[in-house]
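Each chain, written out:
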Amino acid sequence: MANAGARAERMSPVARSVVRSGRVVADSEWVEFDTDPGSYDHNDDDLGTSGVDASRLLEVLSRIDCHVYIGETRRGGEYHETFTGPGIEALLGGPIPDGVDPARAWDAAVHPDDYERQANAGSGHRGGGGPVSVEYRVVGYDGVTRWVLDRMWPWPVTPDGRLIYDGVVTDVTELHQTTDALHEALLVAQSANLEIAQSRAVAEQQARTDDLTGLRNRRDFAERLERHLTRAAYDQRPIGLLLIDIDFFKQINDWHGHGAGDQLLTAFAGRLRDATRPDDLVARWGGEEFVVLLTDLGSGNVLAERAEQIRKAIASTPFIVAGQAIGVRVSIGAARSSVALATSDALLAAADGAMYEAKRAGRDRVAVAPAHDSVLAARVGNRGATR
């Protein structure tokens, strides 16, 4: 052992220990792996072939990107490190000062917010199995905070109550930085996706909204009408459709100007909305035409009664536009869905034909299409001359 020791380089106090037969022997410069010490005798001649130079082992340990240690916890809870590999100094950002115990130096470097988690990592294990893993931060002598992964393999508890750990500590700072960067990128992507979704929702809403009045537009109403007709047929509960046209609107534009006409349409939309129920669908069909879908007709003459209520609400008070009071009257065509009027085209045509009859009869009135009306729908093409 003396000859072998003379050949080894002098080691620092951090690593002046060796592993022998799976255990640590302190203050030696020779590492000898011997699983069966009685199987052969050691002498100076065969030591060079059966032993491993401790400095060589430490050189290997210094090349791997981790810190290796062996420690033990005694009955009273006192921790003692019996072997400290050279990798500790890289994780601590510099050499440990002279006279400072490596284990105490490591404990002092643990981030205050992580100290309790690190200290209690192995408390629930009473030997065997493993590894026990814990991640925490250490603040090095160089001021750099590093994330480390500490893995400990506990041995069976010794007869005198000591718990021994084989430990490997790896720098996982780059992994944490990458994870944090990915998390940040994910948050940015989620935020961007949310903005895109919101923009799409706004665009979709705008695509379904009349720019002037803020009501649903023709496209949106037509799609909803189809769905309501399907549901009405399934439930066998008819729905009602009102097609409303402002009487003599062209004259209002001619007398007061198109700007006043637009203001009137906006005010008219607001009053029409107020005259309907929350479950009703109100939309601008085009120009001075508006549509209302009545989702709950009940029984009796509800369709005509609801249409008349709306007509009276519109005519009740003049609209004030550009400082001028403008009285507005409407002609309303009403139609109820039925077997004969089960499609949107048929129901709209019936309501449009009834509105034509209301205008022909003198305007400012309600006309209801018969459930099996086909004559009024055929006269749609002639209605323009009566407006």
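Notes on the structure in this doc start here. Quick caveat, the model's predicted, so the values are computed rather than measured. (Residues numbered from 1 in each chain as written. Predicted model: local features only at pLDDT ≥ 70, side-chain atom pairs only at ≥ 80, totals over all residues. Heavy atoms only, no water.)

### Focus: unusual backbone geometry
Stage number 1. Of note, the phi angle at Phe-248 is positive, near 55°, even though the residue is not glycine.
Stage number 2. Along the chain, Phe-248 falls in the loop between strand S10 (240-246) and helix H9 (249-256).
Stage number 3. A relative accessible area of 40% places Phe-248 in the partly exposed class.
Stage number 4. Of note in the backbone geometry, Ala-322 takes a positive phi value of approximately 50° without being a glycine.
Stage number 5. Among the secondary structure elements, Ala-322 is positioned in the loop between strand S13 (319-321) and strand S14 (324-326).
Stage number 6. Judged by its relative accessible area of 56%, Ala-322 falls in the exposed class. (Helix = DSSP H or I, 4+ residues; strand = E, 2+ residues; numbered from the N terminus. Buried < 20%, exposed > 50% of the residue type's maximum accessible area, 1.4 Å probe, protein only.)

### Points about the sheet that holds strand S12 (residues 289-294)
Stage number 1. The five strands are arranged S11-S12-S10-S15-S16 in an open sheet whose pairing can be described as mixed. Of all the strands in the sheet, just strand S11 (281-286) and strand S16 (366-368) have a single pairing partner and so form its edges. Taken pair by pair, the neighbouring strands of this sheet meet at an average axis angle of 20°, ignoring direction.
Stage number 2. Strand direction decides the pairing type here: S10 and S12, joined by six bridges, are antiparallel. Bridging across to S12, Leu-241 finds its partner in Leu-293.
Stage number 3. In this fold helix H10 (residues 258-274) packs onto S10, S11, S12 and strand S15 (330-336), with an angle of close to 15° to the strand it touches most, S12. (Pairing = 2+ DSSP bridges. Axes fitted to C-alpha atoms, helices over the stretch in contact; angles between N-to-C directions. Contact = heavy atoms within 4.5 Å.)

### Observations concerning the pairing of S11
Successive side chains on a regular strand alternate, one facing one side of the sheet and the next facing the other.
Stage number 1. For S11, the buried fraction is high: five of the six residues fall into the buried class.
Stage number 2. Pairing geometry for S11 and S12, over five bridges, is antiparallel. Across the sheet, residue Gly-286 finds its bridge partner in S12, namely Glu-289.
Stage number 3. Between S11 and S12, which pair antiparallel one after the other, the connecting turn spans two residues, and Gly-287 there sits at a positive phi close to 60°.

### Regarding the packing of aromatic side chains
Stage number 1. All told, the structure shown has three aromatic pairs when counted by the stated rule.
Stage number 2. A ring pair is formed by Phe-268 and Phe-290, whose centres lie 4.9 Å apart and whose planes are at 45°; its orientation type is tilted. With Phe-268 in helix H10 and Phe-290 in strand S12, this residue pair connects regions lying 22 residues apart in the sequence. As far as the burial class goes, Phe-268 and Phe-290 line up, both buried.
Stage number 3. Grouped by ring-pair contacts, the aromatic residues Phe-268, Phe-290 and Phe-319 constitute a single cluster.
Stage number 4. Positioned above the aromatic ring of Phe-319, the side-chain terminus of Arg-271 is 3.8 Å from the ring centre. (Phe/Tyr/Trp six-rings, centres within 6.5 Å; stacked < 30°, edge-to-face > 60°. Lys NZ or Arg CZ within 6 Å of the ring centre and 35° of its normal.)

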